Amino acid sequence: MTTVSITGRNFSGAFPGIYVGLAQDNKYGPSAQDSFGETTWLQPTQIQGGHFSVKLKVKAVAGKINCKTNSRSIRTQAAHGSPDRSQDTRTPVSFKN
């Protein structure tokens, strides 16, 4: 397990906040929670002036997610079924073998 620091900017900070997590790209979809190996929910109060910073413990392989053999990204998405897709982002990452 590795701890990564994730920062973001230009987020609204609006209710209900955002999810931040490591996802396997070929399984990802805004409602496909099984695409995430690890995720955390950032409440609006954790997004100050459009910025956030969070540490997330990630594993290259977690359950059905295998980020050693599949492309993966740190993703943000609007939380709790919010229709605001402007909060969805993708940042590709890699793991050392």
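So, here's what we can say about the structure. Predicted, not measured: the structure shown is a model, and the values here were computed from it.

**Quick look at the nonpolar core**
Step number 1: Counting residues in hydrophobic clusters, the biggest one holds 14 residues, and the most contacted among them are I6, I18, V20, L42, F52 and V54.
Step number 2: Counting residues per element, the ones that place at least two in this core are β2 (18-24) and β4 (52-58).
Step number 3: The dominant element in this core, judged by the number of residues it contributes, is β4, at four residues.

**Overview of the layout of surface pockets**
The method is simple in principle: a probe with the dimensions of a water molecule rolls over the atoms, and the space it marks as empty is what remains.
Step number 1: Estimated volume of the largest pocket: approximately 320 Å³.
Step number 2: Contributing to the lining of the largest pocket are 18 residues, with S5, I6, I74, T91 and V93 lying nearest its centre.
Step number 3: Going through the elements one at a time, β1 (2-8), β4, β7 (72-78) and β8 (89-93) are the ones with two or more residues in the lining of the largest pocket.
Step number 4: Of all the elements, β1 adds the most residues to the lining of the largest pocket, at six residues.
Step number 5: Counted by class, the lining of the largest pocket contains nine nonpolar, eight polar and one charged residues.

**A closer look at the environment of T69**
Step number 1: With respect to the element layout, T69 can be found in the loop between β6 (65-66) and β7.
Step number 2: The exposure class of T69 is exposed, given its relative accessible area of 62%.
Step number 3: Reaching out from T69, the side chain makes a polar contact with the side chain of N70 at a distance of 3.3 Å.

**Section: unusual backbone geometry**
Step number 1: In this structure, the amide linkage connecting F15 to the following residue, P16, adopts the cis form with an omega of 10°.
Step number 2: Position of P16 among the secondary structure elements: in the loop between β1 and β2.
Step number 3: At N10, a position not held by glycine, the phi torsion is positive, near 70°.
Step number 4: For N10, the location among the structural elements is in the loop between β1 and β2.
Step number 5: Despite not being glycine, H80 shows a phi value in the positive range, around 55°.

**What about the packing of aromatic side chains?**
Step number 1: As enumerated under the stated definition, the model contains two aromatic pairs in all.
Step number 2: Ring centres of F11 and F52 lie 5.2 Å apart, and the angle between their planes is 65°; this geometry places the pair in the edge-to-face category. With F11 in the loop between β1 and β2 and F52 in strand β4, this residue pair connects regions lying 41 residues apart in the sequence.
Step number 3: Among the residues examined, F11 registers a relative accessible area of 9% and is labelled buried.

Calculation notes
Residues numbered from 1 in each chain as written. Predicted model: local features only at pLDDT ≥ 70, side-chain atom pairs only at ≥ 80, totals over all residues. Heavy atoms only, no water. Core = buried A, V, L, I, M, F, W, Y, C linked by side-chain atoms within 4.5 Å. Buried < 20%, exposed > 50% of the residue type's maximum accessible area, 1.4 Å probe, protein only. Helix = DSSP H or I, 4+ residues; strand = E, 2+ residues; numbered from the N terminus. 1 Å grid on protein atoms, 1.4 Å probe; cavity = no way out; pocket = protein on both sides within 12 Å on 5 of 7 lines; lining within 4 Å. Points joined across faces, edges and corners; volume = space filled by probe spheres on them. Nonpolar A, V, L, I, M, F, W, Y, C, P; charged D, E, K, R; others polar. Polar contact = N/O pair within 3.5 Å; in protein donor to acceptor, adjacent residues only side chain to side chain. Phe/Tyr/Trp six-rings, centres within 6.5 Å; stacked < 30°, edge-to-face > 60°.

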